[in-house]
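# Remarks on the overall topology
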Amino acid sequence: MVRPAIRSDRDRDRLVGISLVLAAACLYGSGPFFARIAYDAGMAPLPLLTWRYVFAALMGWLLVVATTSGRLSLRTLSRRELVVLLALGTLFVVNAGAYTAALETVPAGLVAIITYIYPAMVAVIAIRYVRRLEGRRAWIALAVSMAGVALAVGGIPADADIPVTGLVLAFLCPVFYSVWIVLAARLRGERPEGEEQPIEPIAATGPEDTGAPTHGPDALTSSAVMSSVTALTAGVLVVLVGGDPAPAAVPGEAWLALIGFGVFSAFAVAAFLGGSRRIGAARAALVSTFEPVYTIVMATVLLGESLGPVQVLGGGLVVLGVLLAESGGRERSAGIDVPAVEGPPGDAERARV
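The structure contained in this document is the topic of the report that follows. (Residues numbered from 1 in each chain as written. Predicted model: local features only at pLDDT ≥ 70, side-chain atom pairs only at ≥ 80, totals over all residues. Heavy atoms only, no water.)

### Quick word on the nonpolar core
We apply this condition: Residues enter a nonpolar core if they are buried and are Ala, Val, Leu, Ile, Met, Phe, Trp, Tyr or Cys, with the set joined through side-chain atoms within 4.5 Å. The buried label applies to any residue whose accessible area, calculated with a 1.4 Å probe on protein chains only, is under 20% of its type's maximum; exposed applies above 50%, and partly exposed to all values in between. Put simply, DSSP H or I for four residues or longer makes a helix, DSSP E for two residues or longer makes a strand, and each gets a number counted from the N terminus. The criterion used for residue contact is that any of the two residues' heavy atoms lie within 4.5 Å.
Tyr28, Tyr118, Tyr177, Trp180, Ile181 and Phe272 are the most contacted members of the largest nonpolar core, which has 48 residues in total. Of all the secondary-structure elements, those providing two or more residues to this core are helix 1 (4–40), helix 2 (45–66), helix 4 (79–102), helix 6 (118–129), helix 8 (164–187), helix 9 (219–240), helix 10 (255–279) and helix 11 (281–287). Broken down by element, the residue count for this core peaks at eight residues, all from helix 10. Ignoring sequence-local partners within four residues, the contact set of Trp180 consists of Leu88, Leu91, Phe92, Met226, Val269 and Leu273. Judged by nonpolar contacts, the second largest core, of 25 residues, contains Phe34, Tyr99, Ala170 and Ala254.

Spelled out as structure tokens, the structure:
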């Protein structure tokens, strides 16, 4: 039995989590348009990646300093958590670099669709390492979404002028992103059912306060640290390959796009981490399949790109999968049923996982 008060609070947390992930999907989905402007201005992939995350880091640290939860999370950041965040930031260079480089030669809508193989990968990895998708509905929804991705990719015309290297880079994105999502979920304390949970939880405070104990740094701190490492690593790579990461080497027409790309990235990472904290990594990945549909629509409107009927059908299936996953089955969506707890409301709140 689930107390009505707890049920209502969990429903609210779930709705907030889904909203944050959808917001992250739109923010991420806007990235290709900033990238296209920067490429047209003469930017190369690695310098673009460097400056994107320089501005993402600046925005991230501004948010950390400006919020109570961010300052508290930064003060309580342990050495182990810092090391993991540094590793995640370095790993994100590979994912973001492959994505950014693919956008140079592959249509933005198609890159977005290919990237969304990752929810299936996350779902499989989650079985062993984090909270898995619960119930048949979620797995059916995942299958529908992945069928949509397959149709979209299979609908590429045979005579399309898309280099193989671009497609390979696009397919590398979901591999590294899946690993990154699961590692980030482990850092904040998400574990599969039956595995011992981390001790010494850190009470959530500020915008991310759900009333339940959480683990690890909050989303704002995580985003700021990882963006800083990503920017630094990308800058080093630019130097190693003989490029110039200095501001003087950036075309004047590219600055506005780089700033927009970075700011959107900062909010996207924070929103995704905050949303997945509430609904779990596997479900967050599934909800994120809205991004390619958003990107396709915006690419058609802003860039004049177009996809064939089969690819449009694939995008429709992706949307259907998300709707199917989030309609019904509300009490199982968090992965664990909450029993009734005797005592004052505070005790019942602490019983939530």
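On we go from here.
### Looking at helix 10
How we decide: A helix's residues, less one, multiplied by 1.5 Å, set its expected span.
Here helix 10 contains 25 residues, and its C-alpha end-to-end distance of 36 Å stays within 8% of the 36 Å for a straight helix at 1.5 Å per residue. Burial of helix 10 is extensive: 19 of the 25 residues sit out of reach of the surface. Once helix 10 finishes, Gly280 follows within two positions and takes phi at roughly 95°, a positive value.

### Description of the packing of helix 6 against helix 8
We apply this condition: Interaxial angle, 0 to 180 degrees, is taken between N-to-C directions of lines fitted to C-alpha atoms, where a helix line uses only the stretch in contact. The cut-offs work like this: below 35 degrees is roughly parallel, past 145 is roughly antiparallel, 65 to 115 is roughly perpendicular, and the gaps in between are oblique. Each helix crossing is assigned a hand: it is left-handed if the near helix lies turned anticlockwise from the far helix by less than a right angle, otherwise right-handed if that turn is clockwise. Each residue gets one label: Ala, Val, Leu, Ile, Met, Phe, Trp, Tyr, Cys and Pro are nonpolar, Asp, Glu, Lys and Arg are charged, and the others, such as Gly, are polar.
Between helix 6 and helix 8, the shortest axis-to-axis distance is 9 Å and the interhelical angle comes to 40°. When the axis of helix 6 is compared with that of helix 8, the two are oblique. Between helix 6 and helix 8 lies a crossing of right-handed hand. Of the residues in helix 8, those in contact with Tyr118, Met121, Val122, Ile125 and Tyr129 of helix 6 are Pro174, Val175, Tyr177, Ser178, Ile181, Val182 and Arg186. Broken down by class, the residue content of the contact of helix 6 with helix 8 amounts to 10 nonpolar, one polar and one charged.

### So, empty space enclosed by the protein
Just so we agree on the cut-off: Buriedness of a pocket was judged along seven lines, with at least five required to meet protein on both sides within 12 Å; pockets are open sets of points on a 1 Å grid over the protein atoms alone, cavities are sets where a 1.4 Å probe fits but cannot get out, and lining residues have an atom within 4 Å of a point. Grid points are joined across faces, edges and corners, and a volume is the space filled by probe spheres set on the points.
Counted under the stated rule, the structure contains six cavities of 30 Å³ or more. Put simply, the largest cavity is a space of about 190 Å³. Mapped by element, the contributors of at least two residues to the lining of the largest cavity are helix 1, helix 2, helix 4 and helix 10. Of all the elements, helix 4 adds the most residues to the lining of the largest cavity, at four residues. Classifying every residue of the lining of the largest cavity by side-chain character gives 10 nonpolar, four polar and two charged.

### Let's talk about the packing of aromatic side chains
Going by this rule: Only Phe, Tyr and Trp rings are paired, with Trp represented by its six-membered ring, and only when their centres lie within 6.5 Å; those with planes under 30 degrees apart are stacked, over 60 edge-to-face, the remainder tilted.
One pass over the structure, following the stated rule, counts 11 aromatic pairs. The interplanar angle of 80° and the centroid separation of 5.1 Å between the aromatic rings of Trp51 and Trp255 together place this pair among those described as edge-to-face. You can see Trp51 sitting in helix 2 and its partner Trp255 sitting in helix 10, a full 204 residues away along the chain. The buried category is assigned to Trp51, whose relative accessible area is 12%. You can call Trp255 partly exposed: its relative accessible area is 25%.

### A short note on the packing of helix 2 against helix 10
Where helix 2 meets helix 10, the axes come as close as 7 Å, and the angle between the chain directions of the two elements is 50°. Between helix 2 and helix 10, the angle falls in the class oblique. The handedness of the crossing between helix 2 and helix 10 is right-handed. Contacts from Leu48, Trp51, Arg52, Tyr53, Phe55, Ala56, Met59, Gly60 and Leu63 in helix 2 reach Trp255, Leu258, Ile259, Phe261, Gly262, Val263, Ser265, Ala266 and Phe267 in helix 10. Looking at the contact of helix 2 with helix 10, its residues break down into 14 nonpolar, three polar and one charged.

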